[in-house]
Amino acid sequence: MTNHSLGIAALAAATALLAAPAHAQNLPVTPAQRGTATQVAQRGVALSELAPNAPDSYTVKSGDTLWGISGLFLARPWRWPELWGMNLQEIRNPHLIYPGQQLFLHRSGDRATLSLRAPGADGLATVRVSPRVRSTSLADSALPTLSPSAIEPFLTESLVVEENTLQNAPRIVATREQRVMLAKGDRAYARGSVEFPLAPVPGTQPAFRVVRNAVPLKDPVSGEVLGYEAYYLGKALLLQGEGTREITDQDGKTTVEVVPASMDILVSKEDIRVGDRLLPEPPPALTRYVPHAPSGPIDGRVVSIYGSSGISNTNAAQSQVVAINKGTRDGLERGHVLTLLSDGGRLPDSTDPAKAMLKLPDETNGMLMVFRTFERVSYGLILDIQSGVKVGDRLVSPR
């Protein structure tokens, strides 16, 4: 491998260490979750664990999610192993539930179980399906945990890097015909550093994320900079690596000219310009998640609201993404569900002549699921809330 190729490989490896998710199998089920399901399968769940309006039966529809169905039957949707464990023999994997299947809730005494069979029915479960031509595999129609549209676009964008990562990253140095802005389909010219010039690995055409303005993510409690969020602009494909050529003038004097790398802009979310930086495209991220509570206590804070351009008074709504000040070093992993709390505020006691200051209790505001983790920062999707979420709001392990 050439020095040029080693340069790109080294940069790609460094970026992957920052961005790569923890390894996980497709359709993951952890031993702890399977153990919980096995235990619950022996006797069902307490009626007090059911949602107040849990239906007696439900037919799975296209567009349903595991989280949504869990919420139909259980008061606490993240406790999906209980839902799955209600009938472990019939529902061996919670991800392998398909549109057309009918779920029946059985109540007996103070316990409840979930089955694919109607009460009093014997024999094999019946799956209702509609006549149609199947153009995709059955596995492709299995229920996702959450709606893919809520997360997948974000997975192509977010990237938390160290302070010097962008400073040392390749940069766009010129455009064809001296254009000021670049868009999809345009040609760009780029250079790497002296130590790591921009050159492809033999036999590949590396893709890069085009980014700008790494914004510091500060812990709202300690003020510590947890990382830098690179602002995503688009995607570019490296066509030809950079190099040099020697030019000899009429006097026989030889000079060396730099020939920048050639790149095509494949995606442009916003206008791209000279000076924007390039980071290697990380491997595709796992898009199936298993909602579950952290094994230990978590007490975190919302660091930023993605896409708010650093505006501190912006409130996040349901289905928006926020960054939090906890990451893999704190034990967070993909699928962890956290409770959002709203600050109860401080005010003087109007009934006290001394006007003592009161700190009202923090109140439960909703739920969030972590779907991407870095060492000191994670991103979560707001699943449901009662009021807007703001920077500084607390997140704790669910009860």
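Residues numbered from 1 in each chain as written. Predicted model: local features only at pLDDT ≥ 70, side-chain atom pairs only at ≥ 80, totals over all residues. Heavy atoms only, no water.

Mind showing me how you'd approach the confidence of the model for the protein here?
Low-pLDDT stretches of the model should not have their predicted coordinates read in fine detail. Summarising the model, the protein shows a mean pLDDT of 78, and 74% of its residues fall at 70 or more. Low pLDDT, under 50, characterises residues 1-27; the predicted model gives this stretch 40 contacts beyond four residues in sequence or across chains. (pLDDT = per-residue confidence, 0-100. Contact = heavy atoms within 4.5 Å.)

What should I look at first to understand the sheet that holds strand β2 (residues 57-59) in this one?
Strand pairing within a sheet occurs via backbone hydrogen bonds; the two strands may be parallel or antiparallel. Taken together, four strands build an open sheet; the order of strands is β1-β4-β3-β2 and the sheet is antiparallel. The open sheet has two edge strands, β1 (45-46) and β2, and neither has a second partner. Note: β2 against strand β3 (residues 102-108), three bridges, orientation antiparallel. Of the residues in β3, the one forming a bridge with Thr 59 is Gln 102. (Pairing = 2+ DSSP bridges. Helix = DSSP H or I, 4+ residues; strand = E, 2+ residues; numbered from the N terminus.)

When you look at the nonpolar core in this model, what are you seeing that I'm missing?
Most often, soluble globular proteins have nonpolar side chains that are buried together. Val 321, Met 369, Phe 371 and Tyr 379 are the most contacted members of the largest nonpolar core, which totals 22 residues. Elements with a contribution of two residues or more to this core: α5 (148-155), β9 (225-240), β15 (321-324), β19 (363-373) and β20 (378-385). (Core = buried A, V, L, I, M, F, W, Y, C linked by side-chain atoms within 4.5 Å. Buried < 20%, exposed > 50% of the residue type's maximum accessible area, 1.4 Å probe, protein only.)

Looking at this structure, how should I read the packing of aromatic side chains?
The geometry of an aromatic ring pair is captured by the separation of the ring centres together with the interplanar angle, meaning the angle of the planes. A complete count under the given rule lists two aromatic pairs for this structure. Geometrically, the ring pair formed by Tyr 306 and Tyr 379 is edge-to-face, given 6.2 Å between the ring centres and 90° between the ring planes. With Tyr 306 in the loop between β14 (299-305) and β15 and Tyr 379 in strand β20, this residue pair connects regions lying 73 residues apart in the sequence. Each member of the pair, Tyr 306 as well as Tyr 379, is classed as buried. Seen from their ring centres, Phe 374 and Tyr 379 are 6.2 Å apart, and the 80° between their planes marks the pair as edge-to-face. Of the residues examined, Tyr 379 reaches a relative accessible area of 0% and is grouped as buried. (Phe/Tyr/Trp six-rings, centres within 6.5 Å; stacked < 30°, edge-to-face > 60°.)

How should I be thinking about the sheet that holds β15 in this particular structure?
Read around the barrel, six strands follow the order β14-β15-β20-β19-β16-β21 and close on themselves; strand pairing throughout is antiparallel. With strand direction ignored, the average angle separating the axes of adjacent strands in the sheet is 45°. When strand β16 (residues 337-342) meets β19, the two strands line up antiparallel, connected through six bridges. When the sheet's bridge partners are listed, Ser 342 is paired in β19 with Glu 363. (Axes fitted to C-alpha atoms, helices over the stretch in contact; angles between N-to-C directions.)

What is the right way to look at the environment of Ala 293 in this model?
Tracing the chain through its elements places Ala 293 in the loop between β13 (277-280) and β14. Spatially, the C-alpha atom of Ala 293 lies 5.4 Å from that of His 336, the residues being 43 residues apart in sequence. Dropping the residues within four chain positions of it, Ala 293 is found in contact with Trp 78, His 336, Val 337 and Pro 398.

Would you take a moment to explain the side chain of Arg 209 for this structure?
Summarising the element assignment, Arg 209 is placed in strand β8 (residues 207-218). Polar side-chain contacts of Arg 209 include one of 3.2 Å to the side chain of Glu 281. (Polar contact = N/O pair within 3.5 Å; in protein donor to acceptor, adjacent residues only side chain to side chain.)

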